[in-house]
Amino acid sequence: MSSSTNAGFRLSAQQERNWSQEGGEAPAFRAECEVLLDGPADTSRLRRAIQGVVARHEILRTVFQRQPGLKLPFQVIQEEASLTWELSEMQVLRLGLPVLCADRRTLQNLIAEIGLAYAGETQPGDVLQYADIVEWQQELLTGEDTKVGRDYWRDAIRKLDVTSVLIAFELAGEGEFAPEVVTRGVETAVPVEVLLACWLALLSRLTGRSTVVAGCEFDGRKFQELEDALGLFAKFLPVQCDVQPGMPFSALAERVRSVLAELHGWQEIFDPGQMRPLPVQFEYAELPAAQQYGDLKFTVLRLEACAERFALKLSAGAKRLDFHFDASRLSRDTVERWAGHYQVLLAAALAHPETPVASLPLLSDDERQQFALWNQNAADYPRDRCLHELFEQQAVLTPELPAVRCGEISLTYRELNERANRLAHHLRAFGVRPDSLVALCVDRSVEMIAGLLAILKAGAAFVPVNSDNPKSRLAQQLSGAAALVTDSKLAALLPEFSGPSVFLDRFDGHSQNASNPLPLAQPDSLMYVIFTSGSTGVPKPVGIRHRNLVNYAWFIKSRLPGEHLHFATVSTLSADLGNTCIYPSLLSGGCLHVIPLDVASDSSRFAAYQKQHPIDVLKIVPSHLSALLETEERRGILPRKHLITGGESLTWPLVQRIRQLGASCEIWNHYGPTETTVGSLMLRLRDFSGPVIPIGRPIANTQVHILDSLRQPVPIGVTGELYIAGDGVTAGYLGQPALTAERFLDGMYRTGDLARFLPDGNVEFLGRADDQVKIRGFRIELGEIEAVLARHPSVRQAVVIARAD
Ligand code: AMP
Ligand code: MG
């Protein structure tokens, strides 16, 4: 027996592990229980019973003393106990010990011993003292006989994928361990392998990983002799599981059952010091049945022990699920949501165990309703009017206000409308009809705006063409066009065009009628076509209808209060980015400033322009803006009222730089693919302060869905693919029904962007699911370049990557 008072005994491996975390002294590392005592409790008898038990077990009288210079303390056994005990008025006995002395099983044993002593029953004879067991355990961990077991663990630990699976959900910066708990009920008793399989399935679904690992509690008492012993025996063994999405849940539970059985056999040989504690843990926490001791009934209400730091630990038992979490790493809201997902998943797994793991539901009805609510944004807009008709209305309202300006040339609404009308009548004579395409290849100028309005008024849709594009792309764009609007200088740069052409520099509109042509196009007719990069090597023509754009422009107009604002468009017409300014301006009596590319890319020229002609609203790509902010004149390029960025992620450092310049403008992050019309989500920065700037919420009459690979909605915080539905969804890829069917499903456009919902309903952009990239705001499928390279006879295979430098 090891009952001398002053000798020190070494720590067990479990105690060492605990000690190595914050010196084992964090107040959280406790073993505690609450026992309801039913009946006439005799307090002094109870006290004597407890004293008797303490006298029998050294570990209840053990303190830990560290010699100067040593890393680890020794266990020192004392004559008197420092056990704290308390009997509240409610007849609840609370026991609390440092976890260095007790695990959950120990608490149960302790309660039983106290009960027996209280009832005056004789205790079983010999007591195995903890310090002696430690000696024997150390032999197991080092002895020759157990080498096979150690090899088993070395191998198992090497194969673990221990990167924290929770990273995406964690709060910034890990602080002091601050355990808290979220508790939920379960209806029936559930076998441990089912509880753990659900836990692993949930982890896999939350993180999108198929290999998940959780520390799982084993009681360390495989040998019968240890069953009644007191002390810290429990260990958390790593349970790693491959959760294949297609696997039936029952197969996962079976797999878990066999892993648990295998680990059970090797648990004595596991040395917890070999690896860091796993962030996610699981323990099967069945409470003991109520027990009658003499005239007192002991009912355990709560029984907990925490020996290892965790981020998240599920303590699951009959009727009760405790989700313990470290509040310095995870927020209560997050854990409450996960607790809900776990309950939904568990209920479904129990009801339909053959369901593939990936198909098990996670969302409660409330959460589904929440998503629907976030998408409720119906708003009126002139859905039965074409864009140019709304412009014509505006021209009646504000005929003498400036409508468009480029450099020193400007046109009023009346002048712009009349100029467009003359050209429109001319184009009508070519026989263009609704859904005819008219290529528009002109420099950035007031003529460009007049030209595009003319094409719309003629009833057709315009196709913006950049003469500096590769010949094959130009040929593709021109091949579908019924007519071409250009000038003689640019026409020379274009491939042969066989249809009718209008050269604006030679066009004399005076003979043409200046009044509005009778409407031909309908709100469903095409308004413009933009070619986006296609991974097969051929760009895809996206057809945007009038109604798509009217809804968009109407929304933007409503978000930018103020009359007759000055809008600037600084990007090419052949990307939809500039549309954020063009149409809201023309439909609201604003003045649209068309900034030529050489001015838009030179901050001193752009600032000088704005000195003369101040701008209220500027839409720009973040990388373009960053470049402009590099120079001396940076303050002068910022708009007076609204800065809208889009096309690429907006970052806090860029926002800070803008704010440091003392800019008073509102900043907006705007997101959207061409396929759903310019921009589909929007965020006013003033309304947000989280660590990453989200892309906001859907604009009016637009719904966003974040779905997994089975097209089920993913929970809040979980990464999925962004789908967009509503009035912005365009006609798809013209002449490419197969490709259109692939990306436009059930009224939704599948963006290929990864995203997640934040708890406040904002959407965070998380990159691409494929290898599309953005270079200075231009959308490029790396596959398109690869396909083109591979066409060269001496190239067998090509890989293209985008690099920041
Ligand atoms: P585009 O069709 O040229 O408008 O490009 C659309 C793509 O650009 C989206 O699918 C995103 O990948 C990216 N994108 C657009 N706006 C944003 C934004 N605000 N933040 C991050 N990425 C964006
Ligand atoms: Mg866009």
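Refer to the preceding data block for the structure.
Report follows, based on the coordinates.

Rules used throughout
Residues numbered from 1 in each chain as written. Chains lettered and ligands numbered in written order. Predicted model: local features only at pLDDT ≥ 70, side-chain atom pairs only at ≥ 80, totals over all residues. Heavy atoms only, no water. Pairing = 2+ DSSP bridges. Helix = DSSP H or I, 4+ residues; strand = E, 2+ residues; numbered from the N terminus. Axes fitted to C-alpha atoms, helices over the stretch in contact; angles between N-to-C directions. Contact = heavy atoms within 4.5 Å. Phe/Tyr/Trp six-rings, centres within 6.5 Å; stacked < 30°, edge-to-face > 60°. Buried < 20%, exposed > 50% of the residue type's maximum accessible area, 1.4 Å probe, protein only. Salt bridge = Lys/Arg side-chain N within 4 Å of Asp/Glu carboxyl O. Core = buried A, V, L, I, M, F, W, Y, C linked by side-chain atoms within 4.5 Å.

1. Some details on the sheet that holds strand β12 (residues 296-305)
Then step 1. Read across the sheet, five strands follow the order β5-β6-β2-β12-β11 without closing on themselves; strand pairing throughout is antiparallel. Both outer strands of the open sheet, β5 (84-87) and β11 (291-293), are each paired with one neighbouring strand and no more. The average undirected angle you get between the axes of adjacent strands in this sheet is 25 degrees.
Then step 2. As judged from the three bridges shared by β11 and β12, these two strands associate in the antiparallel manner. If you follow Tyr-293 over to β12, its bridge partner there is Leu-296.
Then step 3. Sheet strands touched by helix α2 (residues 43-56): β2 (30-38), β5 and β6 (92-98). Its angle to β5, the strand with the most contacts, is close to 160 degrees.
Then step 4. Sitting on the sheet, helix α3 (residues 104-118) is in contact with β2, β6, β11 and β12, with an inclination near 160 degrees to β12.

2. Looking at the sheet that holds strand β3 (residues 62-65)
Then step 1. Pairing is antiparallel in the open sheet, where three strands are placed in the order β1-β4-β3. Of all the strands in the sheet, just β1 (8-9) and β3 have a single pairing partner and so form its edges.
Then step 2. When β3 meets strand β4 (residues 74-77), the two strands line up antiparallel, connected through four bridges. Bridge pairing links Thr-62 to Ile-77 in β4.

3. Quick notes on the packing of aromatic side chains
Then step 1. All chains considered together, the criterion is met by 19 aromatic pairs.
Then step 2. Measuring from ring centre to ring centre gives 4.7 Å for Tyr-152 and Trp-266, while their planes differ by 15 degrees; the resulting arrangement is stacked. Note that Tyr-152 is positioned in helix α5 (residues 147-158) and Trp-266 in helix α7 (residues 249-266), a separation of 114 residues in sequence.
Then step 3. For Trp-266, a relative accessible area of 26% gives the class partly exposed.

4. Focus: the pattern of salt bridges
Then step 1. Scanning the model with the defined rule gives 44 salt bridges in all.
Then step 2. Note that Arg-104 and Glu-283 form a salt bridge whose closest N and O atoms lie 3.8 Å from each other. Here Arg-104, found in helix α3, pairs with Glu-283, found in strand β10 (residues 280-284); they are 179 residues apart in sequence, far enough to count as distant.
Then step 3. Arg-320 is the salt-bridge partner of Asp-322, the closest N and O atoms lying 3.0 Å from each other.
Then step 4. The exposure class assigned to Asp-322 is buried, which follows from its relative accessible area of 8%.
Then step 5. Judged by its relative accessible area of 32%, Arg-320 falls in the partly exposed class.
Then step 6. Linked by salt bridges that have partners in common, Arg-30, Glu-32, Glu-34, Arg-94, Arg-302 and Glu-304 make up one network.

5. Describing the nonpolar core
Then step 1. Within the largest apolar cluster, 80 residues are counted, with the highest numbers of intra-cluster contacts made by Trp-199, Leu-200, Tyr-342 and Leu-722.
Then step 2. It is helix α6 (residues 192-207) that provides the largest number of residues to this core, a total of 11 residues.
Then step 3. If we skip the residues at most four places from it in the chain, Leu-200 touches Val-212, Ala-214, Val-239, Cys-241, Val-243 and Val-256.
Then step 4. Counting residues in each nonpolar core, the second largest holds 68 residues, with Phe-391, Leu-549, Tyr-552 and Phe-555 among its members.

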